[in-house]
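Letter by letter, the chains look like this.
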Amino acid sequence: MFGAGGGTSSYEEIETTDLIVLWGSNARSAHPIFFHHLLTGVHNGARMYAVDPRRTESAKWADVWLGIDVGSDIALANAVAREIIAAGLTNTAFIEHATSGFDEFAAAVEPYTLDHAEAITGVPAQAIRSLAHDYARAETAQLCWTLGITEHHNATDNVLALINLALLTGHVGRYGSGLVPIRGQNNVQGGGDMGALPNKLPGFQDVVDADARAKFEAVYETAIPPEPGWHVTQMFDAMERGDITAMYIVGENPAQSEADTGRAVELLEGLDFLIVQDLFLTKTAHLADVVLPAAAGWAETDGTVTSSERRVQRVRKALDPPGEARDDLAILFALASAMGHDWGTPDAERIWDELRGLSPMHAGMSYERIDQLGGIQWPCPADDHPGTRFLHGWLWEDPLPREPAPFSVVEWAPPVDPLSDDYPIRLTTGRRLDGYNTGVQSGGYRSPIRHGAVIDMSPEQAADLGAVAGDLVRVTSRRGSIEVPVRLTDGLRQGLVFMAIHSPDDADVNTLTLDAWDPKSGTAEFKATAVRIETT
């Protein structure tokens, strides 16, 4: 954010902050390592708000739970902003010094009164007021979010609405106050840092920047297209048009992880040629013409990973890969050789050093220094730089070294999949502590806390359907149907049900979800599907 694709704060900051806002994140189940740090902050006296449609395992630790209606986050954030402005709680000195566009923003949020927001979000006006006042008055505050914010058709606007709150109050760019997008998987941060984005080169350098491209082209000895590429959702659209006829999938299982999996599988099956490189023989791999068995990155290879706090750490090989499995680097180097390009001997440190020469934010991170310091947080631009605990301290410098941070005018829009008489119930999806993504890496192991494929609903919802715990029900959306047992929970209200994503072989929830996507980020709206439920 503010030009850097990473969270602003260190984990240690949430342990000492005064206020924690956990928005759209069940971190206790989905991000347990981070949640340990968060709980330390709670035990140290931090007041905590949880904004979530469900009263999750995380929300039960909060002082206040705001049970928001799915897809109304912008309306809530705008109402919090309006209340901060109306109550005279803005950090006026910070706004005047470090931001732009405040007047336009203030005018845009004016209609979002507490009562209006309550009507849209279902959150009581008094709870919205309490969040606004506590966040604005706190000496330090951490605003955290994850997929509950970003898996929507307006994902980017959701994030911008939260950034606006930090700009209003000065809760960014200083120790203890920050914006914390919690990454959903190991090394997702590292993947983005290394250029696994359609519009970025490594180090978040824009592919449209001719000077940046020239630097990479000189080292890579090839031309780099000047236009951004396609994100995953656009790739599937291109497959449907016939513009993509072959695909190489590395460490991904889109046959079960994409929204509207019926369409995804049909398009994958229609490719002329499909290569899958993976640790397991996934459902996607079963569709492939060629499968390249890969090694386990955490135990069978050398390299680096980057955590949600931007900390780059070393990974060391402990075991040889079994059978014919090979290090991802070895596979890629062998493929390059087969295509007529000699890249030499695969060596993770040599590749890392090449990266450090091209990405200023990693320039000071030699393997030796990463080992000595126990990991280094980017940016680390020089060999004598200690790394950066928190980002955007420049917002407090006088004079500002760059353009001020802009407020963003964002308007609420409801979910794309509307509720109706035929589809009157809102289904939202997510993760549990016992599973990992599509279950490929976790489903083969027993767990005493695993529920398997179930649909969570309130006792009131089950009674309305004439169902009891364990009953098999048919869940139908505008795209398909599945059958799944009922599990009762007190964390849901009537009209809202939940399914985890970890058991697609038993009940593929993504048969139901729709592939409407955010035009800015490409993320599909997994969190807001309209369904009907019938007893079988």
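Residues numbered from 1 in each chain as written. Predicted model: local features only at pLDDT ≥ 70, side-chain atom pairs only at ≥ 80, totals over all residues. Heavy atoms only, no water.

> Can you help me understand the nonpolar core in this one?
When a protein is soluble and globular, its nonpolar side chains tend to lie buried together. Within the largest apolar cluster, 54 residues are counted, with the highest numbers of intra-cluster contacts made by Trp-23, Leu-66 and Tyr-135. With near-sequence residues (within four places) excluded, Leu-66 lies in contact with Tyr-49, Ala-50, Val-51, Asp-52, Leu-76, Val-123, Ala-127 and Leu-131. One finds Ile-455, Ala-462, Val-486 and Met-499 within the second-largest nonpolar core, a separate group that totals 19 residues. (Core = buried A, V, L, I, M, F, W, Y, C linked by side-chain atoms within 4.5 Å. Buried < 20%, exposed > 50% of the residue type's maximum accessible area, 1.4 Å probe, protein only. Contact = heavy atoms within 4.5 Å.)

> It is not clear to me how the sheet that holds strand S14 (residues 376–377) should be interpreted in this structure. Could you clarify?
Sheet strands line up and pair through hydrogen bonds in the backbone, either parallel or antiparallel. The antiparallel open sheet is built from three strands, whose spatial order is S12-S13-S14. Both outer strands of the open sheet, strand S12 (303–306) and S14, are each paired with one neighbouring strand and no more. Sheet topology note: the strand S13 (residues 311–315)/S14 ladder contains two bridges and is antiparallel. Along S14, the bridge assignment pairs Val-312 with Ile-376. (Pairing = 2+ DSSP bridges. Helix = DSSP H or I, 4+ residues; strand = E, 2+ residues; numbered from the N terminus.)

> Teacher, can you tell me more about the side chain of Asn-26 here?
By secondary structure assignment, the location of Asn-26 is in the loop between strand S1 (19–23) and helix H2 (27–30). Side-chain polar atoms of Asn-26 contact the side chain of Glu-57, separated by 2.9 Å. Polar contacts involving the side chain of Asn-26 include one to the side chain of Ser-58, which spans 2.7 Å. (Polar contact = N/O pair within 3.5 Å; in protein donor to acceptor, adjacent residues only side chain to side chain.)

> Can you help me understand the environment of Met-239 in this one?
Turning to its location among the elements, Met-239 is positioned in helix H13 (residues 232–241). Residue Met-239 is classed as buried on the basis of its relative accessible area, which comes to 8%. As a C-alpha pair, Met-239 and Leu-267 span 28 residues in sequence and 6.4 Å in three-dimensional space.

> So what exactly am I meant to see when it comes to a nonpolar patch on the surface here?
Together, Tyr-248, Val-250, Leu-332, Leu-335, Met-339 and Trp-343 make up a nonpolar patch on the protein surface, roughly 560 Å² of accessible area in all. Taken together, the elements giving at least two residues each to the nonpolar patch come down to strand S9 (246–250) and helix H17 (328–338). Residue class for Tyr-248 comes out partly exposed when judged on its relative accessible area of 31%. (Patch = residues over 30% accessible without salt bridge, like charges linked within 9 Å, V, L, I, M, F, W, Y side chains within 5 Å. Areas by Shrake-Rupley, 256 points an atom, 1.4 Å probe, with all protein chains shown as cover. Salt bridge = Lys/Arg side-chain N within 4 Å of Asp/Glu carboxyl O.)

> Explain helix H3 (residues 32–43) to me, please; I cannot follow it from the model alone.
Think of an α-helix as 3.6 residues a turn; residues three or four steps apart then line up on the same face. Taking 1.5 Å of rise per residue, 12 residues should cover 16 Å, and H3 covers 16 Å from first to last C-alpha, within 8% of that figure. The set of residues buried in H3 consists of Phe-34, Phe-35, Leu-38, Leu-39, Gly-41 and Val-42. End-on view of H3: buried residues confined to an arc of 155°, all on one side of the axis. Exposed side chains of H3 directed beyond 90 degrees from the buried face belong to Ile-33, His-36 and His-43. (Expected span 1.5 Å × (residues − 1). Arc of directions from axis to C-beta.)

> Help me understand the environment of Asp-206 in this model?
When you line up the elements, Asp-206 lands in strand S8 (residues 205–206). Sequence spacing of Asp-206 and Glu-227 is 21 residues, and the spatial spacing of their C-alpha atoms is 9.7 Å. Filtering out sequence-adjacent residues up to four positions away, Asp-206 remains in contact with Asn-199, Lys-200, Leu-201 and Ala-212.

> Honestly, the packing of helix H7 (residues 114–121) against helix H8 (residues 125–137) in this entry has me stumped. Any pointers?
Running from N to C, H7 and H8 point in directions that differ by 115°, and their axes come no closer than 8 Å. Looking at the two axes, H7 sits roughly perpendicular to H8. Considering how the two elements wind past one another, H7 and H8 form a crossing that is right-handed. Residues Leu-114, Asp-115, Ala-117, Glu-118 and Thr-121 of H7 pack against Ala-125, Ile-128 and Arg-129 of H8. When grouped by side-chain class, the residues that make up the contact of H7 with H8 number four nonpolar, one polar and three charged. (Axes fitted to C-alpha atoms, helices over the stretch in contact; angles between N-to-C directions. Parallel < 35°, antiparallel > 145°, perpendicular 65-115°, else oblique. Left-handed = near helix turned anticlockwise from the far one by under 90°. Nonpolar A, V, L, I, M, F, W, Y, C, P; charged D, E, K, R; others polar.)

> What exactly am I supposed to notice about the sheet that holds strand S3 (residues 64–66) here?
A sheet is described by the order of its strands in space; here five strands give the open sequence S3-S2-S1-S5-S6, paired in parallel fashion. The strands lining the two open edges of the sheet, one partner per strand, are S3 and strand S6 (178–181). Here the strands of the sheet are splayed against their neighbours by 15° on average, with no regard to which way each runs. Note that S1 and strand S2 (residues 47–51) share five bridges and pair parallel. Each residue of the ladder has a partner; that of Val-21, found in S2, is Tyr-49. Against the sheet, H8 makes contact with S1, S2, S3 and strand S5 (141–145), and its axis sits at roughly 135° relative to S2, the strand it touches most.

> I keep staring at the packing of aromatic side chains and nothing clicks. Help me out?
How two aromatic rings sit relative to each other is set out by the distance from centre to centre and by the angle between their planes. Per the counting criterion, the structure on display carries eight aromatic pairs. Ring geometry for Tyr-11 versus Phe-34: centroids 5.9 Å apart, planes at 65°, classification edge-to-face. Of the two residues, Tyr-11 is situated in helix H1 (residues 11–16) and Phe-34 in helix H3; the sequence distance between them amounts to 23 residues. Between Phe-94 and Trp-396 the ring centres are 4.7 Å apart and the planes differ by 35°, which places this aromatic pair in the tilted class. With Phe-94 in helix H5 (residues 92–98) and Trp-396 in the loop between S14 and strand S15 (405–406), this pair connects stretches of sequence that are 302 residues apart. By relative accessible area, which is 2% here, Phe-94 ends up buried. Given the relative accessible area of 37%, Trp-396 is considered partly exposed. One aromatic cluster is present, formed by Phe-102, Phe-105 and Phe-407 through successive ring pairs. (Phe/Tyr/Trp six-rings, centres within 6.5 Å; stacked < 30°, edge-to-face > 60°.)

> What should I look at first to understand the environment of Ala-462 in this one?
Along the chain, the position of Ala-462 falls in helix H20 (residues 459–465). Separated by 39 residues in sequence, Ala-462 and Ile-501 have C-alpha atoms that sit 21 Å apart. Here Ala-462 is in contact with Met-457, Ala-467 and Leu-488, once residues within four sequence places are set aside.

> For this particular structure, what's the right way to read helix H6 (residues 102–109)?
Inspection of H6 places Phe-105, Ala-106, Ala-108 and Val-109 among the buried residues, and these make up the whole buried set. Burial along H6 is one-sided: seen end-on, the buried residues are contained in an arc of 160°. H6 presents Asp-103, Glu-104 and Ala-107 as exposed residues on the side facing more than 90 degrees away from its buried surface. Those residues of H6 hidden inside the fold are in contact with helix H4 (73–86) and helix H10 (155–169).

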